[in-house]
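Observations on the three-dimensional arrangement
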Amino acid sequence: MLVSVLRRFSAGVPTTMVRTGVCPVTHRQKSSAFRIHPRVEEALAEGQPIVALESTIITHGMPYPQNISMASEVEEIVRANGSVPATVGIIKGKVHIGLCDEEIKFLATCKDCVKVSRRDLPYVLSQGLSGGSTVSGTMVAAHHAGIPIFVTGGIGGVHRDGENTMDISADLTELGRTPVAVISAGVKSILDIGRTLEYLETQGVCVSTFGDSRDFPAFFTPSSGFKAPYHVRNEEEAAQLIASSLELRLDSGVLISVPIPSEYAASGLMMEEAIRQALEEARLQGIVGKEVTPFLLRRVNEITGGKSLDSNIALIKNNAKVGSRIAVALSKIQK
Ligand code: PSU
Ligand code: MN
């Protein structure tokens, strides 16, 4: 207690008064590549539950203004369910862990923001650029700060035809090398879901669904036709799974897939048709590399007349609720 009080005073910021939404007057860390928001620092020092959130979803995954309202609503849901939100993003060459409202607005409206995965971090920092962190970039930051839980919508995976193009998201290798638990709604069917699960197995990632079924979710729809190896029935079981992974010091991540609530699920057939068309357009236009996922997300949303975006937002909010409760359960185990 005394230590944390002293820490607060030495930071020069009365951190109990601020929430992550408020811009800090100062950060304690002056020289490192990272900037941890005082509210997140306080939560870390006191062992409060924290949920990391990504920002490529803000910069590249959703259009303005839905991206900004989604980002602040998701933070609010995390708070309402007992955890401190820590949205990660890169602002002028620093990796921020915990963004204030102004910084989220900056990312939501910037035109030249970079999509930042692990491999992009050194360049973006050296050039003082700004960007949204992907699942892999966010895991690097969460691990640096010591945040074991991270909520997103969907992770990247093995792309369709990936066995020829070798287009396999860095999210999968990150899950294999970084001990952070990722709560997502499974893998989008723009990807090859079967090969994605195979690749996660190769990487040693413990994959589990959340709920009574082992049906691996396909983002917009609650099941993909593939099974996860395991399922956890509730937040406590999920927290126990994460605690065991940390205890083992495996240095690899855990993937917990939460199916989209059925009332928000999109028609699988409609999504499949939109995805088929978007994939064909990407091929004809020669879209490759890191542009593929943002292109497909945008086109699928346009083709479905915004229906995919509605489902996308609903499932992220649901993941935020579940993830925040898992973080609360984990912090009780760790006390
Ligand atoms: N899936 C979504 N929305 C997203 C992404 C994936 O439904 O915004 C983003 C995430 O940040 C993810 C990244 O980490 O795309 C994966 O990109 P790539 O396929 O290029 O690895
Ligand atoms: Mn790729």
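Predicted model only: the values in this text are computed from it and were never measured.

Regarding the packing of helix 7 (residues 135-145) against helix 9 (residues 170-177)
Look at helix 7 against helix 9: their axes get within 8 Å of each other, and the N-to-C directions meet at 25°. For the element pair helix 7 / helix 9, the angle class is roughly parallel. Across the interface between the two elements, V135, S136 and M139 of helix 7 pack against A170, D171 and E174 of helix 9. Taken together, the residues that form the contact of helix 7 with helix 9 break down as three nonpolar, one polar and two charged.

Considering the site of ligand 1
Lining the immediate environment of ligand 1, one finds 18 residues, of which T56, G61, V135, G156 and S169 sit closest. Ranked by residue count, the leading element in the shell around ligand 1 is helix 3 (residues 56-61), at four residues. When grouped by side-chain class, the residues that make up the shell around ligand 1 number five nonpolar, nine polar and four charged.

Here we look at the environment of A329
Within the fold, A329 resides in helix 14 (residues 307-334). Judged by local crowding, A329 falls into the buried class, with 21 C-beta atoms found within 10 Å. In this structure, the C-alpha to C-alpha distance between A329 and E237, residues 92 residues apart in sequence, is 8.9 Å.

Considerations on the pairing of strand 4 (residues 94-97)
Where strand 1 (residues 34-36) and strand 4 come together, three bridges link them in parallel fashion. Residue pairing across strands places R35 opposite H96, the latter belonging to strand 4.

Focus on helix 13 (residues 292-303)
The terminal C-alpha atoms of helix 13, which comprises 12 residues, lie 16 Å apart, in line with the 16 Å expected from a rise of 1.5 Å per residue. All of the buried residues in helix 13 are T293, L296, L297, R299, V300 and N301. Those residues of helix 13 hidden inside the fold are in contact with helix 3, helix 12 (268-284) and helix 14. One or two residues past the end of helix 13 sits G305, with phi positive at roughly 60°.

Things to note about the packing of helix 4 (residues 66-80) against helix 5 (residues 101-109)
A pair of packed helices is characterised by two quantities: the angle between their axes and the separation of those axes. In the contact formed by helix 4 and helix 5, the axes pass within 9 Å of each other and the chain directions differ by 150°. Compared by their axis directions, helix 4 and helix 5 come out roughly antiparallel. The chirality of how helix 4 crosses helix 5 is right-handed. Together, N67, I68, A71 and S72 of helix 4 and D101, I104, K105 and A108 of helix 5 make up the contact between the two elements.

What counts as what
- Residues numbered from 1 in each chain as written.
- Chains lettered and ligands numbered in written order.
- Predicted model: local features only at pLDDT ≥ 70, side-chain atom pairs only at ≥ 80, totals over all residues.
- Axes fitted to C-alpha atoms, helices over the stretch in contact; angles between N-to-C directions.
- Helix = DSSP H or I, 4+ residues; strand = E, 2+ residues; numbered from the N terminus.
- Parallel < 35°, antiparallel > 145°, perpendicular 65-115°, else oblique.
- Contact = placed C-beta atoms within 7 Å.
- Nonpolar A, V, L, I, M, F, W, Y, C, P; charged D, E, K, R; others polar.
- Near = placed C-beta within 6 Å.
- Buried ≥ 20, exposed ≤ 12 C-beta atoms within 10 Å, placed from the backbone.
- Pairing = 2+ DSSP bridges.
- Expected span 1.5 Å × (residues − 1).
- Left-handed = near helix turned anticlockwise from the far one by under 90°.

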